[in-house]
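As a plain string of letters, each chain reads:
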Amino acid sequence: METADVVVIGGGVNGLSAAFHLAKAGVKKVTVVEWHHLGAGATGKSGALVRTHYSNEHETKLAVESLKYFEHWGDLVGGDCGFKKVGLLVLATSEFNSHLQANVNMHRSLGVNTHLITPKEAYELDPSLKCDDVSWVAYEPDSGYADPNTTAFTFAHAARDLGVNFELDTKVTEIRTSGNTVTGVATTRGNIKSPLVLVAAGAWANELLEPLNIKLGLVPGLARVTLFRWPPDRSSRHLTYLDRVNQSWMRPEGGNCTLIGAESGVHHGANPYQFSESVPQEYIDLCREKLARRFPVMRHSSMRGNWAGILMVSPDSKPIIDQLQPYDGLFCIAGDSGTSFKTSPAIGKCVAEWITQGKPITVDLTPFRATRFSEGELWIDENDYGLHRGTISR
Ligand SMILES: Cc1cc2nc3c(=O)[nH]c(=O)nc-3n(C[C@H](O)[C@H](O)[C@H](O)COP(=O)(O)OP(=O)(O)OC[C@H]3O[C@@H](n4cnc5c(N)ncnc54)[C@H](O)[C@@H]3O)c2cc1C
């Protein structure tokens, strides 16, 4: 039987970030077990927006810490994560002006470089943008997007260089326990004995946790994106956009296309073992319509590709990052709810601190606790933009 100090289940960006940070903190024997290949889950399909605009300070703090990584990836991790600092514009209907202002004030208090600009100023940043339906736009010059696969791969390379062991094409079939103590995992290639197990299994977490009688209310959800070629008259000054009016997000891709996700295209209750990796025509039509509302010049753009990924949604659409009671040694990063790419550097760092120092140091993870549901404390942001559960993936 193999042994490890920590077993990480899942080779997505969160499992890999945790493995990297654990090894960096001096944990000698970290093993990552990945059923398929690195980035095989939501990570490889991610839109990979990197922004700090959240409507609560807890996720903002994770995003602020993580942005430092994306900006200095070569120094902090090594290699290139493909981060493009093109800026972010957040558009919300006028009824949410006070929320937009409150959130920007909160972000500024946490050190974010952000301010409100007028629609005219937004138009000057991107002359193809039509935003006469909003009164103010939140602008984050330092945000942008990364390459989710190179982000995952560079985390993995750095982790491997620090001694992390990888078991690919290997499925964890059971988390093993003795009483309330974790003793390791059973896999399709044998058992690994370990006092610490971190579940970072994305849309597949339930089948690992439910046999331990841990029910977190997690529901797999499908997130879909479509790619449209810029017409010749589209400005190449293309930022990233969170369009809370039309429930969509957009970013440039490949120097001449726009990648768009339209929130109403998310399907809950998807089967993580059986889903289409491409999108139906009606979703392409929906994306084109939403894109054209914001960028009329793109009404007749050519569709150049699309894909679907599967992720895990928590009951309040906020991640769960916790040590799972009653088991000693069982941790999870679960219920990413479509928004845990950009925060993965800080999430991995905090979980590693928790495991090696007894508690997360960089950001307080109390709001992300699993017990909030049984306590009746569903997490609702005071200054959200009228979004309900199901507005994910950006
Ligand atoms: C279309 C789309 C767009 C998105 N856009 C954004 C965005 O713009 N910004 C943002 O921040 N987030 C975005 N997200 C969400 C983000 O990608 C996810 O939150 C993040 O990638 C989750 O990473 P993870 O490591 O937690 O899970 P995953 O990447 O899903 O990794 C889980 C891994 O665990 C493995 N696994 C599962 N069960 C087992 C087992 N029993 N044994 C071994 N291995 C197992 C899986 O094969 C998988 O590789 C998007 C997601 C999608 C799908």
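Residues numbered from 1 in each chain as written. Predicted model: local features only at pLDDT ≥ 70, side-chain atom pairs only at ≥ 80, totals over all residues. Heavy atoms only, no water.

Visitor: Would you mind showing me how to read the environment of Gly217 here?
Guide: With respect to the element layout, Gly217 can be found in the loop between α8 (206-209) and β14 (219-229). Accessibility expressed as a relative area gives 41% for Gly217, which makes it partly exposed. Along the backbone, Gly217 and Val137 are 80 residues apart, and their C-alpha atoms lie at a distance of 35 Å. Filtering out sequence-adjacent residues up to four positions away, Gly217 remains in contact with Val313, Ser314 and Pro315. (Helix = DSSP H or I, 4+ residues; strand = E, 2+ residues; numbered from the N terminus. Buried < 20%, exposed > 50% of the residue type's maximum accessible area, 1.4 Å probe, protein only. Contact = heavy atoms within 4.5 Å.)

Visitor: Quick question: what am I supposed to make of the confidence of the model for the protein here?
Guide: Looking at the protein as a whole, its pLDDT mean stands at 95, while 97% of the residues score no less than 70. Here strand β18 (residues 267-268) stands out as the element of the protein with the lowest mean pLDDT, 68, in contrast to strand β2 (residues 6-9), whose mean of 99 is the highest. (pLDDT = per-residue confidence, 0-100.)

Visitor: Looking at this structure, how should I read the site of the ligand?
Guide: Near the ligand lie 40 residues; those nearest to it are Glu34, Thr43, Leu49, Asp336 and Lys342. In the model, a nitrogen atom of the ligand is placed 3.0 Å from a nitrogen or oxygen of the Trp35 main chain. One nitrogen or oxygen atom from the main chain of Gly41 is found 3.4 Å from an oxygen atom belonging to the ligand. Isolated, the ligand exposes 1000 Å² of accessible area, and the fraction of that covered by the protein chains is 99%. Within the residue set of the shell around the ligand, elements represented by two or more residues are α1 (13-24), α2 (42-45), β14 and β19 (303-313). A class-by-class count of the residues in the shell around the ligand yields 17 nonpolar, 17 polar and six charged. (Near = heavy atom within 4 Å. Polar contact = N/O pair within 3.5 Å; in protein donor to acceptor, adjacent residues only side chain to side chain. Areas by Shrake-Rupley, 256 points an atom, 1.4 Å probe, with all protein chains shown as cover. Nonpolar A, V, L, I, M, F, W, Y, C, P; charged D, E, K, R; others polar.)

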